[in-house]
Each structure stands twice: as structure tokens, then as C-alpha cells.
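Given next are the chains, with one letter for each unit.
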Amino acid sequence: MQVKTGPFDSAGITFIGRIHTPWKDRLECPRQGRPDGPTCRIELFHPWHQALDGITDFERLEILYWLHHSRRDLVLQSPANDGSLRGTFALRSPVRPNPIGTSIVKLLRVEGDSLFVRGLDCLDGTPLLDIKPDRTLFTPIAPPQPGDFQTEQ
């Protein structure tokens, strides 16, 4: 099932870099990144180079990227191509209203404005949205806030 997409509300997105992988075609691109997959390069654009300061403190990173070749109009999809349908939000398909991809990668090294990583699952030239430490490894540095201690009542 398709929906008509249009200029709903908009968000200002800034591409902060580009991802370089061996995959040029969606049919050869892996469905999920593998920790033993090929080494890929994440290139940061100027002026974001200094934002890498301290990144080597983390073994794994969460990479967010814009799936620029993906359709954005499907509500239901058949991931197995067997005629059974599932909702887009119940899938990790790249076909989404806002095609944001995310991968947890292993950081291999940093060279200048580039990160070398394993675990990506996107096409060569994919625009980079953000880089964050893997939340399972991250301990907040900032002082705690009241909401940090709230639990279900």
C-alpha cells in the first residue's frame, strides 16, 4: 500500500559527511551490517572534524545516515516477497517515510577527517547524519537530571 507524500512539516537536516562502502547497488548491499564485514570509511565534512575529539574512547559507535535512494511512500511491505504484508514500522526496511538508517559499528581507527569502521549496511556515497557512542557503552558525563531517576510508578 502506498501513500501520497508531500511537504508536511519539515526538519532542517545537515549532512555532516559521506559514507564510503564497497556497495554500489541495493541488491548487493547487505541487509544488516556485520561486525566482521568489510572495512568502510566515514568521511566528515569541514567544519565537523573537531567533533571527532574523544571518539577513540569508544569501541562501538552508532552511525545514523540518510538512505537517499529509498522510496518513502509505502505503509505496508512484503519483505519476503511472498505476498504477506507487514507495516513499515514493524520492519527494518530502508523504505520509510523518513529513510534514516542506523548501524552499530566497530571503530577500527581514525585518520584525519575519516573513521574506519566495520558493520555498515549502506550504499557507497550515503550521506552521514550523525555519530554517537553506542549507548550500551556510554555513561553520561554531564551531571544527572531529575528525570534520570524516574521509574514506572
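Predicted, not measured: the structure shown is a model, and the values here were computed from it.

## So, the overall build of the protein chain
- Scanning the protein chain from N- to C-terminus turns up zero helices and eight strands.
- Put simply, the protein chain runs from its N terminus to its C terminus through helices and strands in the order β-β-β-β-β-β-β-β.
- Viewed in the frame of its principal axes, the protein chain has a C-alpha envelope of about 50 × 45 × 30 Å.
- The buried share of the protein chain, reckoned over its 153 residues, is 33%.
- For the protein chain, the share of sequence-separated contacts (at least 6 apart) that also reach a separation of at least 24 residues comes to 76%.

## Considerations on the pattern of salt bridges
- Inspection of every chain in the model, using the stated rule, returns six salt bridges.
- Its salt-bridge partner being Asp 36, residue Arg 34 comes within 2.8 Å of it at the nearest N-O pair. Here the two residues Arg 34 and Asp 36 agree in accessibility, since each one is exposed.
- Between Glu 111 and Arg 109 there is a salt bridge; the shortest N-O distance is 2.7 Å.

## Details of the pairing of strand β7 (residues 114-118)
- With four of five residues buried, β7 lies mostly within the body of the structure.
- Relative to β7, strand β2 (residues 40-44) is paired through four bridges, and the arrangement is antiparallel. Bridge assignment links Glu 43 to a residue of β7, and that residue is Ser 114.
- Looking at chain direction, strand β6 (residues 100-111) and β7 are connected through five bridges and run antiparallel.

## Some words on the side chain of Ser 114
- Of note, Ser 114 is situated in strand β7.
- Ignoring sequence-local partners within four residues, the contact set of Ser 114 consists of Arg 41, Ile 42, Glu 43 and Arg 109.

## Remarks on the sheet that holds strand β8 (residues 126-133)
- Around the barrel, six strands lie side by side as β1-β2-β7-β6-β3-β8; this closed barrel has antiparallel pairing. Strand-to-strand, the axes of this sheet are offset by a mean angle of 45°, without reference to chain direction.

## Examining the pairing of strand β1 (residues 17-20)
- By the alternation rule, side chains of β1 split into Gly 17 and Ile 19, which are all buried, and Arg 18 and His 20, of which none is buried.
- Relative to β2, β1 runs antiparallel, the two sharing four bridges. When the sheet's bridge partners are listed, Ile 19 is paired in β2 with Ile 42.
- By the bridge criterion, three bridges tie β1 to β8 in an arrangement that is antiparallel. Each bridged residue has a counterpart across the sheet, and for Ile 19 the counterpart in β8 is Thr 126.

About the cut-offs
Residues numbered from 1 in each chain as written. Predicted model: local features only at pLDDT ≥ 70, side-chain atom pairs only at ≥ 80, totals over all residues. Heavy atoms only, no water. Helix = DSSP H or I, 4+ residues; strand = E, 2+ residues; numbered from the N terminus. Buried < 20%, exposed > 50% of the residue type's maximum accessible area, 1.4 Å probe, protein only. Contact = heavy atoms within 4.5 Å. Salt bridge = Lys/Arg side-chain N within 4 Å of Asp/Glu carboxyl O. Pairing = 2+ DSSP bridges. Axes fitted to C-alpha atoms, helices over the stretch in contact; angles between N-to-C directions.

That is the geometry; function is a separate question.
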